[in-house]
Amino acid sequence: MRGRTLTAALVLAVATALTVPITPSASASAPSRTVTPAPLAAPDIAVANVQAHLTQFQAIAQQNGGHRRAGSAGYTASVAYVKGRLQAAGYTVTEQVCTSCVYRSNNLIAEWPAGPTDQVVMFGAHLDGVSSGPGINDNASGSAVLLENALVLAQQRPTMTKRVRFAWWTDEEQGLNGSEFYVRSLSAAQRGYVKGYYNFDMVGSTNAGYFINRITSTTAAPLKAYWDSLGLQPEENREGQGRSDDYPFQQAGIPTSGYAAGASARKTSTQAAKWGGTSGASYDPCYHRSCDTTSNVSATVLNRNADGIAYAIWQLAVSGGTSVPASSTT
Ligand code: DTR
Ligand code: ZN
Ligand code: ZN
């Protein structure tokens, strides 16, 4: 469901320029043909599929007392949903009991079993919410864009240059506890294998900003390249600094980045001028409130986040991953 193919044409032009011309076979000897494979474009993540996951998370909250707080029935059901979808796609999924969490509950870890085991890139989102509502933007949104990316990776089965490991964290809302427990559970060698950690917390805010953690870092480069290709003029995620699950990784010396669309802080007039939306209003008007439902998510924003993650995965971990972002509006 691609919107434009302009950048796809660019990819092709680059590939053509790099291709050694086919040698004409004038002699009777075996002709030598050099064919350079075209760069492998990152897949377009269907935002409808991401929205379908959000609908499931909302139903789970509704059926379990209205929320998905760590340690609650709504959280356990959220874990079961993500785990079931991943297992059906061929992932081996691990639940890690967080014994140091405020509410005892599990992190969920799934690794795509291809690529070198000592070269890992991680993508994570907190799966728990607060008890005031279903927690759809915070953070079913991050959970759903990761789940759909994991499913698409499994479907496509590309040749991998790195291992991709996905994580859904528990007890973030009580103090980043699930991710901190996980980082502490790794040996020094295992920590060294993790070349980058990417975090996704609140990626569908209705009055969105386009924020990237550590935006000028080389770790952030693929996330930034994708949003740059859409002309979005992303900014540093100042509001979220030290407030989400990238923080324990950062503290352990692991390079981090991530996307965010903003929480309770207010959009400036400069930001409204470049991104649209309402200046002087919160990026997410329902932050930690009962109105954080499926209506509290922008499909456009969700899509730009989901597709940027796919771009980063392909760029970082897939053999022949595209070097020019493909664009899409769906
Ligand atoms: N950890 C978030 C808190 C948060 C506040 N502002 C931002 C901005 C961007 C990402 C996250 C946050 C929470 O879960 O409540
Ligand atoms: Zn959050
Ligand atoms: Zn929160």
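Preceding this paragraph is the structure being described.
Each value, and the rule that gives it
Residues numbered from 1 in each chain as written. Chains lettered and ligands numbered in written order. Predicted model: local features only at pLDDT ≥ 70, side-chain atom pairs only at ≥ 80, totals over all residues. Heavy atoms only, no water. Near = heavy atom within 4 Å. Polar contact = N/O pair within 3.5 Å; in protein donor to acceptor, adjacent residues only side chain to side chain. Areas by Shrake-Rupley, 256 points an atom, 1.4 Å probe, with all protein chains shown as cover. 1 Å grid on protein atoms, 1.4 Å probe; cavity = no way out; pocket = protein on both sides within 12 Å on 5 of 7 lines; lining within 4 Å. Sits in = over half its atoms within 2 Å of the grid points. Donors = N, O, S within 2.8 Å, 3.2 Å for Na, K, Ca; no water. Helix = DSSP H or I, 4+ residues; strand = E, 2+ residues; numbered from the N terminus. Expected span 1.5 Å × (residues − 1). Buried < 20%, exposed > 50% of the residue type's maximum accessible area, 1.4 Å probe, protein only. Arc of directions from axis to C-beta. Contact = heavy atoms within 4.5 Å. Disulfide = S-S within 2.5 Å.

### What about the site of ligand 1?
For ligand 1, the set of nearby residues contains 14 residues, the closest of which are Glu172, Asp201, Arg243, Tyr287 and His288. Measuring from an oxygen atom of ligand 1, one finds a side-chain N or O atom of Asp138 at 3.2 Å. Residue His288 places a side-chain N or O atom 3.0 Å away from an oxygen atom belonging to ligand 1. Protein contact buries 97% of the 360 Å² of open area that ligand 1 shows by itself. Under a 2 Å grid-point criterion requiring more than half of the atoms, the pocket assigned to ligand 1 is the largest pocket.

### Description of the coordination of the zinc ion (ligand 2)
With distances of 2.1 to 2.6 Å, the protein atoms coordinating the zinc ion (ligand 2) are His126 (NE2), Asp138 (OD), Asp201 (OD) and Asp201 (OD). Donor residues binding the zinc ion (ligand 2) come from one chain and are separated in sequence as H-x11-D-x62-D. Metal-to-metal, the separation of the zinc ion (ligand 2) and the zinc ion (ligand 3) is 3.6 Å; Asp138 coordinates the two. Residue His126 is located in strand β3 (residues 120-126), and its partner Asp138 is located in helix α4 (residues 136-156); the two are separated by twelve residues in the primary sequence.

### Some remarks on helix α3 (residues 73-88)
Count 3.6 residues to each turn of an α-helix, and residues three or four apart come out pointing the same way. Taking 1.5 Å per residue, 16 residues should reach 22 Å; α3 reaches 22 Å between its end C-alpha atoms and fits that length. Taken as a whole, α3 has its buried residues at Gly74, Tyr75, Ser78, Val79, Tyr81, Val82 and Leu86. All buried residues of α3 project into a common sector of 160° when viewed along the axis, lining one side. Projecting away from the buried face of α3 at angles above 90 degrees are the exposed residues Thr76 and Ala88. Buried positions along α3 lie against α2 (47-63), β1 (92-98), β2 (105-112), α4 and β4 (163-169). Where α3 terminates, the next one or two residues include Gly90, which has phi positive at roughly 105°.

### Some details on the state of the cysteines
For the coordinates displayed, the defined rule picks out two disulfides. Paired by a disulfide, Cys98 and Cys101 hold their sulfur atoms 2.0 Å apart. Taking the torsion about the sulfur-sulfur bond, which here is approximately 90°, the covalent link between Cys98 and Cys101 counts as right-handed. The two residues Cys98 and Cys101 agree in class, both being buried. The disulfide that involves Cys286 links it to Cys291, with 2.1 Å between the sulfurs. Taking the sign of the S-S torsion, about -115° here, the bridge from Cys286 to Cys291 comes out left-handed.

Purely geometric numbers; function is a separate question.
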